[in-house]
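The residues making up each chain are set out below.
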Amino acid sequence: MNFTKTEGSFNKKYMKNMTIWLEKGLLNLDLDTERNLEYGLRSSIAIQIKMPNSQSFQRLFSYEFDVCQLLNEISKESIINMWYRVLLKNGNFMENCPIVKGHYYIRNLRLDANTIPVFLRSGEYQITSLSYYGKRKTKSYDQVARVFIGIKIY
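Since this is a predicted model, take the numbers as computed values, not measurements.

J.: Just give me the short version of the environment of Q126, but keep the residues and values in it.
T.: With respect to the element layout, Q126 can be found in strand β7 (residues 123–133). In this structure Q126 comes out as buried when scored by relative accessible area, which is 17%. Taking the C-alpha atoms as reference, Q126 lies 7.1 Å from F148; in sequence the two are 22 residues apart. Those residues within four positions of Q126 in sequence are excluded, and the remaining contacts are A46, I47, Q48, F57, F148 and I149. At a separation of 2.7 Å, a polar atom in the side chain of Q126 contacts the side chain of Q48.

As structure tokens, then:
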């Protein structure tokens, strides 16, 4: 299994820079926050699978969560918590809120079979993560960042 593609975008109100890239199949990320990311920051993660003999993808599941609550409960067992602990091993992400203004990174993140749910069979996948304030699909919605990652599982 390996990473196949990355893309990222960010809101300059919250970040100065976000660069995401692949190097020798490993995921890397640099981001510089413009300000503290306070309580109320939310994220969503959606996983889609490429349909056989097609260019289209179908959503398998999506999960929305409060980032500060996740950080406060990082030791609890859930797939999102497990993935975040992997990010902590490969970078300098915050383990509490608020997320203070600064430089954050991930280096040489490798896909690990132990972190991939068993129900994800061989195939091509897309993972989209959005971070935002407010409520989605309302005027209060304010996107902080969007990350897209392509994965192939053999």
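J.: So what's going on with the pattern of salt bridges? Residues and values would help.
T.: For the coordinates displayed, the defined rule picks out five salt bridges. Residue E7 pairs with K5 through a salt bridge whose shortest N-O separation is 3.2 Å. The class of E7 is partly exposed, set by a relative accessible area of 34%. Close ionic contact of K50 with E124 constitutes a salt bridge, the shortest N to O distance being 3.8 Å. Residue K50 is found in strand β4 (residues 42–50), and its partner E124 is found in strand β7; the two are separated by 74 residues along the sequence. A relative accessible area of 34% places E124 in the partly exposed class.

Calculation criteria
- Residues numbered from 1 in each chain as written.
- Predicted model: local features only at pLDDT ≥ 70, side-chain atom pairs only at ≥ 80, totals over all residues.
- Heavy atoms only, no water.
- Helix = DSSP H or I, 4+ residues; strand = E, 2+ residues; numbered from the N terminus.
- Buried < 20%, exposed > 50% of the residue type's maximum accessible area, 1.4 Å probe, protein only.
- Contact = heavy atoms within 4.5 Å.
- Polar contact = N/O pair within 3.5 Å; in protein donor to acceptor, adjacent residues only side chain to side chain.
- Salt bridge = Lys/Arg side-chain N within 4 Å of Asp/Glu carboxyl O.

The quantities given are spatial measurements derived from coordinates; they are silent on function.
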